[in-house]
Amino acid sequence: MYDVIIIGGGPAGMSAAIYTARARLKTLLIEKAGCGGQIAITDHLENYPGFEEGINGFELAVKMQKQAESFGTEIVYGEVLKIDTTTQTETQTSTQTAARTKKVILKNNKEYEAKTVIIASGANAKKSGVSGEKEFTGKGVSYCATCDGPFFKNKEIAVIGGGDSALQEALYLTKFASKVNLIHRRNEFRAAKILQEKVFKETKINIIYDSVVEEIAGNPLGSVESIKLKNVKNDAVLTLSVNGVFVFIGWQPNTEFLKNTKIKLNGNGYIVTDENMKTSVEGVFACGDVRQKILRQVVTACGDGAVAAISVEHYLENL
Ligand code: NAP
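Residues numbered from 1 in each chain as written. Predicted model: local features only at pLDDT ≥ 70, side-chain atom pairs only at ≥ 80, totals over all residues. Heavy atoms only, no water.

### Here we look at the sheet that holds strand β9 (residues 156-160)
Pairing is parallel across the open sheet formed by 5 strands, whose spatial order is β8-β15-β9-β10-β11. Looking at strand neighbours, the two that pair on one side only are β8 (141-142) and β11 (205-208), the edges of this open sheet. Two strands pair when backbone bridges link them, and strand β10 (residues 179-183) and β11 are joined in this way by 4 bridges, in the parallel orientation. Residue pairing in the sheet places Asn-181 in a bridge with Asn-206 of β11. (Pairing = 2+ DSSP bridges. Helix = DSSP H or I, 4+ residues; strand = E, 2+ residues; numbered from the N terminus.)

This is the structure we're talking about:
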């Protein structure tokens, strides 16, 4: 029996673990693949305080994991299938302690029990849904510049999106590609101004505004050769020869495993919490990108994680 199970090993989950483990709560962190979440596939973070020259995302993730483990956090790897938050009070069968037990069930059939759960499962890259995207994923279509950028040395590529991710990753990809076509559906980026300034100055980046990708095409061996673009203002169609397509059009929350619970989600699937990270189910907390909020940054994920941990502590004190 753990005091707290944390689902997800991104910055939110690891910050929560640092705090709960330091509070001497028996802490289990469950991570699907490798700790770090989105930062593990981010080349350079320049707005996380304390690193004036910026820091590589994977390096920061490793530091966070080591810090969480140094205070006694146990980490297991596996994908969560579902959580059972049904309190025995509802079924009127057991003692008060058992009454508040939550069960986390993994896809490999392993089950873990805790008095509280913190959901920090983050978000996954959104798919564009255009023809050819699925077929060429891993064969030219990518959602991770750090992982796949080096495959496009001296090649022409496209980046789709106009947010922080698209601009930041387009800049990173200029290290490898001969030309980066940055395709955005409007004529104005939503990315931070500092990133926009860098992009405007970068001669390897060719900005194509007001355009959407309609098709990703390739050869029978299965690698991307071109994309078809449509200008949304005048319907003009353009075919661009590219070997890679990087899609950075936002994220969707990892809340699929909550569908059988009473945890309240908003219309886009994000978990609704109060400012203390409490969800609509007693003893269940949520933090980081999986939560409904206005700013999704590493620094806000870490802040959320700390608040969730303190809320768990208070909840357990009052059990
Ligand atoms: P985002 O801010 O939601 O931006 C998504 C971009 O993709 C928007 O420009 C959007 O266009 C476009 N888009 C959405 N759906 C599309 C579709 N179907 N087809 C074509 N384009 C589409 O996502 P993000 O850039 O991944 O950022 C997510 C969060 O992480 C943000 O809060 C961001 O600030 C944060 N982040 C921060 C940093 C940093 O601080 N360095 C780095 C990365 C991410 P519209 O603009 O027209 O809606």
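### Observations concerning the packing of helix α6 (residues 164-173) against helix α7 (residues 193-201)
Following both chains from N to C, one finds α6 and α7 inclined at 40°, their axes separated by 10 Å at the closest point. Here α6 is positioned oblique relative to α7, judged by the angle of their axes. Of the two possible hands of crossing, α6 and α7 adopt the one that is left-handed. Contacts between α6 and α7 involve Asp-164, Leu-167, Gln-168 and Leu-171 on the former and, on the latter, Leu-195, Gln-196, Lys-198 and Val-199. Within the contact of α6 with α7, the residues separate by chemical class into 4 nonpolar, 2 polar and 2 charged. (Axes fitted to C-alpha atoms, helices over the stretch in contact; angles between N-to-C directions. Parallel < 35°, antiparallel > 145°, perpendicular 65-115°, else oblique. Left-handed = near helix turned anticlockwise from the far one by under 90°. Contact = heavy atoms within 4.5 Å. Nonpolar A, V, L, I, M, F, W, Y, C, P; charged D, E, K, R; others polar.)

### Things to note about α6
Every α-helix winds through 3.6 residues per turn, so residues three or four apart in the chain are directed the same way. The element α6 is extensively covered by neighbouring structure, given that 7 of its 10 residues are classed as buried. Those residues of α6 that sit buried are Ala-166, Leu-167, Glu-169, Ala-170, Leu-171, Tyr-172 and Leu-173. If you follow the buried residues of α6, they end up packed against α5 (145-148), β9, β10, α7, β11 and β15 (244-247). (Buried < 20%, exposed > 50% of the residue type's maximum accessible area, 1.4 Å probe, protein only.)

### Observations regarding the pattern of salt bridges
As enumerated under the stated definition, the model contains 11 salt bridges in all. We note a salt bridge from Asp-304 to Arg-291, for which the minimum N-O separation is 2.9 Å. One end of the pair, Asp-304, is in helix α8 (residues 298-317); the other, Arg-291, is in the loop between β17 (284-286) and α8, with 13 residues separating them in the sequence. Considered together, Asp-304 and Arg-291 belong to a single accessibility category, that of buried residues. (Salt bridge = Lys/Arg side-chain N within 4 Å of Asp/Glu carboxyl O.)

### Points about the site of the ligand
Residues in close proximity to the ligand total 17 residues, the closest being Asn-47, Asp-164, Ser-165, Arg-186 and Arg-190. One of the backbone nitrogen or oxygen atoms of Gly-162 is found 3.0 Å away from an oxygen atom of the ligand. Contacts to the ligand include Ser-165, whose side-chain N or O atom sits 2.7 Å from an oxygen atom. Burial of the ligand by the protein amounts to 76% of the accessible area it has alone, namely 910 Å². Here the shell around the ligand gets 3 residues from one element, more than from any other, and that element is α6. Of the residues in the shell around the ligand, the class split is 3 nonpolar, 9 polar and 5 charged. (Near = heavy atom within 4 Å. Polar contact = N/O pair within 3.5 Å; in protein donor to acceptor, adjacent residues only side chain to side chain. Areas by Shrake-Rupley, 256 points an atom, 1.4 Å probe, with all protein chains shown as cover.)

### Re the sheet that holds strand β12 (residues 211-218)
Hydrogen bonds between backbone groups are what pair the strands of a sheet, and the pairing can be parallel or antiparallel. If you trace the 3 strands from one edge of the open sheet to the other, you get β12-β13-β14, paired in antiparallel fashion. The sheet terminates laterally at β12 and β14 (237-241), the two strands that pair on one side only. Neighbour-to-neighbour, the strand axes of this sheet turn through a mean angle of 25°, independent of strand direction. Inspection of the sheet shows strand β13 (residues 224-231) paired to β14 by 5 bridges, in the antiparallel sense. Across the sheet, Leu-229 pairs through a bridge with Leu-238, a residue of β14.

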